[in-house]
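Each chain, written out:
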Amino acid sequence: MAGRVSKSLNSMEEKLSSLYEEKVSFLDRLIELQKRQLQILGFGDGEGAAKLELQNSDLVEKMKRLDRKIEQLEESSPQTLEIIRLSDTIFQKLEESRDLNSQVGEKMEIILQEYRKELNLVQSKIQLKKFLAHRKLGWKTGTC
């Protein structure tokens, strides 16, 4: 009986380790995408960065589902040195990702402000053209 319990615990530990390693892999991919976003935002390409944001969101959703599985296994599995090591790695990567996310957000805000300025400039030009066209029309028809 003790052998069965030991095998069951080892199996759960292996499964938990596997899920933690999968989460580390997701975080590595997320960090890679966030670094790419920063690079793209450095060129002022808000649209390209927004496309990467969709991929980031997909990864975050996958990690949420993975977290639910991890949570279920953690309840019935003891903490081993391997699990503690993987947890530490996950927390370090989460911290790096949070920092990168903050930097991406700041740069996206700057680009958004630039887009707003451009939009306001274009809207002003359109209104000015309409006004001038209407004004010229009045002189041509003699209604002024």
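Residues numbered from 1 in each chain as written. Predicted model: local features only at pLDDT ≥ 70, side-chain atom pairs only at ≥ 80, totals over all residues. Heavy atoms only, no water.

**Section: the overall build of the protein**
- Secondary structure summary: the protein contains 3 helices and 0 strands in total.
- Of the regular secondary structure in the protein, the N- to C-terminal order runs α-α-α.
- Looking at the protein as a whole, 27% of its 144 residues are labelled buried.
- Here the contacts in the protein between residues at least 6 apart in sequence split such that 86% fall between residues at least 24 apart.
- Surface accessibility of the protein: about 10600 Å² in total, with carbon and sulfur atoms responsible for 55%. (Helix = DSSP H or I, 4+ residues; strand = E, 2+ residues; numbered from the N terminus. Buried < 20%, exposed > 50% of the residue type's maximum accessible area, 1.4 Å probe, protein only. Contact = heavy atoms within 4.5 Å. Areas by Shrake-Rupley, 256 points an atom, 1.4 Å probe, with all protein chains shown as cover.)

**Structural notes on the confidence of the model for the protein**
- Within the protein, residue pLDDT values average 87, and 88% of them lie at 70 or more.
- Within the protein, the element-level pLDDT minimum falls on helix α1 (residues 2-42), averaging 86, and the maximum on helix α2 (residues 46-76), averaging 92. (pLDDT = per-residue confidence, 0-100.)

**Structural notes on a positive patch on the surface**
- Taken together, Lys-15, Lys-62, Arg-65, Arg-68 and Lys-69 make up a surface patch of like positive charges.
- Counting residues per element, the positive patch draws most heavily on α2, at 4 residues.
- Tracing the backbone shows Lys-15 in helix α1.
- On the basis of relative accessible area, Lys-15 is assigned to the partly exposed category, the value being 47%. (Patch = residues over 30% accessible without salt bridge, like charges linked within 9 Å, V, L, I, M, F, W, Y side chains within 5 Å. Salt bridge = Lys/Arg side-chain N within 4 Å of Asp/Glu carboxyl O. Lys, Arg positive; Asp, Glu negative; His and termini not counted. Charge placed at Lys NZ, Arg CZ, Asp CG, Glu CD.)

**Notes on α2**
- Here α2 spans 45 Å end to end across 31 residues, near enough to the 45 Å set by a 1.5 Å rise per residue.
- Taken together, the buried positions of α2 are occupied by Gly-46, Gly-48, Ala-49, Leu-52, Asn-56, Leu-59, Met-63, Leu-66, Ile-70 and Leu-73.
- The N-capping residue of α2, defined by a side-chain oxygen 3.3 Å from the backbone nitrogen of Glu-47, is Asp-45. (Expected span 1.5 Å × (residues − 1). Polar contact = N/O pair within 3.5 Å; in protein donor to acceptor, adjacent residues only side chain to side chain.)

**Re the environment of Ile-110**
- With respect to the helices, strands and loops of the structure, Ile-110 is situated in helix α3 (residues 81-141).
- Placed 64 residues apart in sequence, Ile-110 and Gly-46 show a C-alpha to C-alpha distance of 9.6 Å.

**Some thoughts on the layout of surface pockets**
- In this structure, the largest pocket occupies an estimated 200 Å³ of space.
- Lining of the largest pocket is provided by 15 residues; of these, Leu-30, Val-60, Met-63, Leu-94 and Ser-97 occupy positions nearest its centre.
- Of all the secondary structure elements, the ones that give two or more residues to the lining of the largest pocket are α1, α2 and α3.
- It is α2 that contributes the most residues to the lining of the largest pocket, 7 residues altogether.
- Of the residues in the lining of the largest pocket, the class split is 5 nonpolar, 5 polar and 5 charged. (1 Å grid on protein atoms, 1.4 Å probe; cavity = no way out; pocket = protein on both sides within 12 Å on 5 of 7 lines; lining within 4 Å. Points joined across faces, edges and corners; volume = space filled by probe spheres on them. Nonpolar A, V, L, I, M, F, W, Y, C, P; charged D, E, K, R; others polar.)

**Quick look at the pattern of salt bridges**
- Enumeration according to the criterion identifies 7 salt bridges in this entry.
- As a salt-bridge pair, Lys-93 and Asp-28 come within 2.7 Å of each other at their nearest N and O atoms. One end of the pair, Lys-93, is in helix α3; the other, Asp-28, is in helix α1, and 65 residues separate them in sequence.
- A salt bridge links Glu-96 to Lys-35, with the shortest nitrogen-to-oxygen separation between them at 3.6 Å. Taken together, the positions of Glu-96 in helix α3 and Lys-35 in helix α1 put the pair 61 residues apart, joining distant regions of the chain.
- Looking at Glu-96, the relative accessible area reads 32%, which means it is partly exposed.

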